[in-house]
There are 2 protein chains.
Amino acid sequence: MDDRVREHAAVLVDWSARIEEGDDVVVSVAHDAHDLGVAVAEKLGEIGANPVYTYSSGEVSRAYLQAHDGGFEVGEHERGLIESADAYLTLGGSRNTAAAADVPGDTLAAYRAARTEIGEARMETDWVSTVHPTRALAQAAGMAYEEYADFVYDAVLRDWEALAEEMERLKRVLDEGSEVSIENERTDLTMSIDGRTAVNSCASVAYDSHNLPSGEVFTAPYDTEGEVVFDVPMTVDGRRVQDVRLVFEGGEVVEYGASMNEDVIEEVVELDDGSRRLGELGIGMNRGIDRYTDSILFDEKMAETVHLALGRAYDACLPDGESGNDSAVHQDFIADMSGESKLVVDGEVVQRNGTFRWEDGFEEA
Amino acid sequence: MDDRVREHAAVLVDWSARIEEGDDVVVSVAHDAHDLGVAVAEKLGEIGANPVYTYSSGEVSRAYLQAHDGGFEVGEHERGLIESADAYLTLGGSRNTAAAADVPGDTLAAYRAARTEIGEARMETDWVSTVHPTRALAQAAGMAYEEYADFVYDAVLRDWEALAEEMERLKRVLDEGSEVSIENERTDLTMSIDGRTAVNSCASVAYDSHNLPSGEVFTAPYDTEGEVVFDVPMTVDGRRVQDVRLVFEGGEVVEYGASMNEDVIEEVVELDDGSRRLGELGIGMNRGIDRYTDSILFDEKMAETVHLALGRAYDACLPDGESGNDSAVHQDFIADMSGESKLVVDGEVVQRNGTFRWEDGFEEA
């Protein structure tokens, strides 16, 4: 076994999920995540945790959903499993990212709706999601398998403690700031963040961060004004979009466009009241991620990018009891900040041309 | 997918486990049993049952056990899962039948002891164990993969309803009988079965039969007299034994031997009081199984064989409240009855040269 598989398991179990002796852990193993499953089992044995391994497969799900008449229910046994779990580790690793592509949308929607309580119960645990590099995921990222494995481990095997400290600096700036603006060749956007709390998403449940890799600081902006172009290509609902352009006035989108599949943007913007407003401003800080792979788990954490989401805001960013932007959607878009660019908080440049002011090479002006 | 995988799933779900709409089902999927997992998922979807798929892997178990210090406990979440399950389907399908070969025996014993309650809770469900043909299992059976798949499906895809009826005939003979004897070239053994109840093991929970394939009728004999030679080779605790010879007087083994690894027999016979006496007489009736593969799941069900076990008797064979032969062991041995042989109950020949008296070709004398 590649040593990096064991290192991945150690980061997942120790740093991310903070598993301790006697913890009751569900480990969801995708078909091709077997090797990571073995390494995680070894870690859980060392610690003296109590695992149950569940099996996750797009092909199994598809077979069940295609055959079912749609009146889904959740078993008592599944409830018993999830409600008593201390932690829930999802080891993604698909054999075919399109394995369930032909399941009708309304079947999937009915299934998900029936399972809302299971999703919520899982959120009550120390849950963490990660992926094991597989050939199917390499293909989806347009990379050779070995190349993709290097990419995944560069993103996952960080010095997370050091990164968490650096991200804490940015969090403090955003927490104390009132107004943030993003500027680059095609973007000039200003948002209010006064009263909002930034989340240091450093891939650990101790920071309320549940993805591995992570490496972003995000908050919930409002009163957005100006124009932004998202130059990072991505796939939304199966359709590729690029150069998405949004113009905001008084916090709302008043104009939009894209160089391809503009109808996708229309569907998002016109969905409901909240989908015209931003729910998230995120700043990528993971320098292990050096290219786009059309996977939001990686792309939005990439250093020298910012992302904005139309739609729902995260509660963690809002003052207690206050509801932020509400929507049925949370659609991220990503802008590259590695070229000529500025991230400005209350008039002070925090990042210029992709370099933060506390990093070597930062230019004052 | 091979049509037989779907047929296997149908037999397992409909005939064996009798799954109904709304049943909460645990499906334990071995790494290489994926295809059978897909077919079972399709059946469960059709019926409207609620599955949780667990992942079973010798490599995962080994990694956990090797790393653990030995103070095992059962998680509340696992208890919650098993105790609320209506049925538990085990889809075996190893990648390597020796995957956990280097786990120390005392670690394994401690793990099993800690999990007794889980095993018992599983027995409270409608549990069924089966295997999906894999390359590792083909290798263990000394067969080509395609050849082994044919072998498994011949054993599993029977007309179970017809076989259950035929087995019921033999069950009635044994239930009404007082004395049974087995004779062939090297065997002449007589046992009492008076007051004992035979089990029609036809691969269905409706008959208290939990293996697929099955196909045997068994009871609990006592007061054994005579000599028996088991000519079917098998592996006991990792050691190959052949031509095991036992001589009984007053129900107990008074002499034993084997053409190889006789020490294995000594260990079994000398283990405790009960291991000197028989706990089971079983009569194989599955004509789909036409060769020995050194797997007790298949071998003991083979038509034209009988098997006897030293040690523990099954409660189902005993009068209510009566405890039969008790022992820490239940070790089966198998004798071929396809040559010149007789199975006699109360003086009447029930099977001659492998043919039952209700079958074509039965010779009266």
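Definitions and limits used
- Residues numbered from 1 in each chain as written.
- Chains lettered and ligands numbered in written order.
- Predicted model: local features only at pLDDT ≥ 70, side-chain atom pairs only at ≥ 80, totals over all residues.
- Contact = placed C-beta atoms within 7 Å.
- Helix = DSSP H or I, 4+ residues; strand = E, 2+ residues; numbered from the N terminus.
- Nonpolar A, V, L, I, M, F, W, Y, C, P; charged D, E, K, R; others polar.
- Least-squares fit on C-alpha atoms with pLDDT ≥ 70 in both.
- Pairing = 2+ DSSP bridges.
- Domains from an automatic or database assignment.
- Buried ≥ 20, exposed ≤ 12 C-beta atoms within 10 Å, placed from the backbone.
- Arc of directions from axis to C-beta.
- Axes fitted to C-alpha atoms, helices over the stretch in contact; angles between N-to-C directions.
- Parallel < 35°, antiparallel > 145°, perpendicular 65-115°, else oblique.
- Left-handed = near helix turned anticlockwise from the far one by under 90°.

Asks: Give a description of the interface of chain B and chain A that names residues and reports values.
Replies: On the chain A side, the residues contacting the 42 residues of chain B number 42 residues. When residues of the side of chain B that touches chain A are traced back to their parent elements, those giving at least two are β1 (24–30), α2 (34–47), β2 (50–56), α3 (58–67) and α4 (76–83) of chain B. Among the elements that make up the side of chain B that touches chain A, the one with the highest residue count is α2(B) (8 residues). Within the side of chain B that touches chain A, the residues separate by chemical class into 17 nonpolar, 16 polar and 9 charged.

Asks: Give me the relation of the copies chain B and chain A: which residues, what numbers.
Replies: By a simple turn and slide, chain B fits onto chain A: the slide is 0.0 Å along the axis, the RMSD is 0.0 Å, and the turn is 180 degrees. Expressed as a symmetry operation, the mapping of one chain copy onto the other fits a two-fold axis. Most of the interface of chain B is mirrored in chain A, where 100% of its interface residues again form contacts.

Asks: Account for the sheet that holds strand β18 (residues 348–352) of chain A, naming residues and giving values.
Replies: All names here are of chain A. Sheet architecture is open: 8 strands sit in the order β13-β12-β9-β6-β5-β17-β18-β19, paired in antiparallel fashion. Both outer strands of the open sheet, β13 (252–257) and β19 (355–356), are each paired with one neighbouring strand and no more. One ladder, built from 2 bridges, connects β18 with β19; its direction is antiparallel. Bridged to Q351 within β19 is F356.

Asks: Give a detailed account of the domain arrangement of chain A, specifying residues and quantitative values.
Replies: The extent of an interface is frequently quoted as the accessible surface area lost upon association of the parts. All names here are of chain A. Considered domain by domain, chain A is made up of domain 1 (3–156) and domain 2 (160–356). Contact with domain 1, which involves 16 residues of that partner, is made by 17 residues of domain 2. For the side of domain 1 that touches domain 2, the elements supplying multiple residues, two or more each, are α1 (3–16), β4 (126–131) and α8 (145–156). For the side of domain 1 that touches domain 2, the per-class residue count stands at 10 nonpolar, 3 polar and 3 charged.

Asks: How would you summarise helix α10 (residues 262–269) of chain B if you had to cite specific residues and measurements?
Replies: Residue and element names in this part refer to chain B. Considered for burial, the residues of α10 that qualify are V264, I265, V268 and V269. What you see down the axis of α10 is that its buried residues fit within an arc of 130 degrees, all on one side. Check the buried side of α10 and you find it contacts β10 (234–236), β11 (239–241), β12 (244–249), β13 (252–257), β15 (305–311) and β16 (330–336).

Asks: Talk me through the packing of α4(B) against helix α6 (residues 116–123) of chain B; I want residue IDs and the actual numbers.
Replies: All names here are of chain B. Two numbers describe how α4 lies on α6: the axes approach to 9 Å, and their chain directions differ by 15 degrees. In this view, α4 runs roughly parallel relative to α6, as classed from their interaxial angle. Note that α4 runs across α6; the crossing there is left-handed. On α6, the residues touching E78, I82 and E83 of α4 are I118, A121 and R122.

Asks: Can you break down the environment of B:V349 residue by residue, with the values?
Replies: Residue and element names in this part refer to chain B. Locating V349 in the fold gives a position in strand β18 (residues 348–352). Sequence separation between V349 and S181 is 168 residues; the distance between their C-alpha atoms is 9.4 Å. When neighbours within four sequence positions are excluded, V349 is seen to be in contact with K342, V344 and R357.

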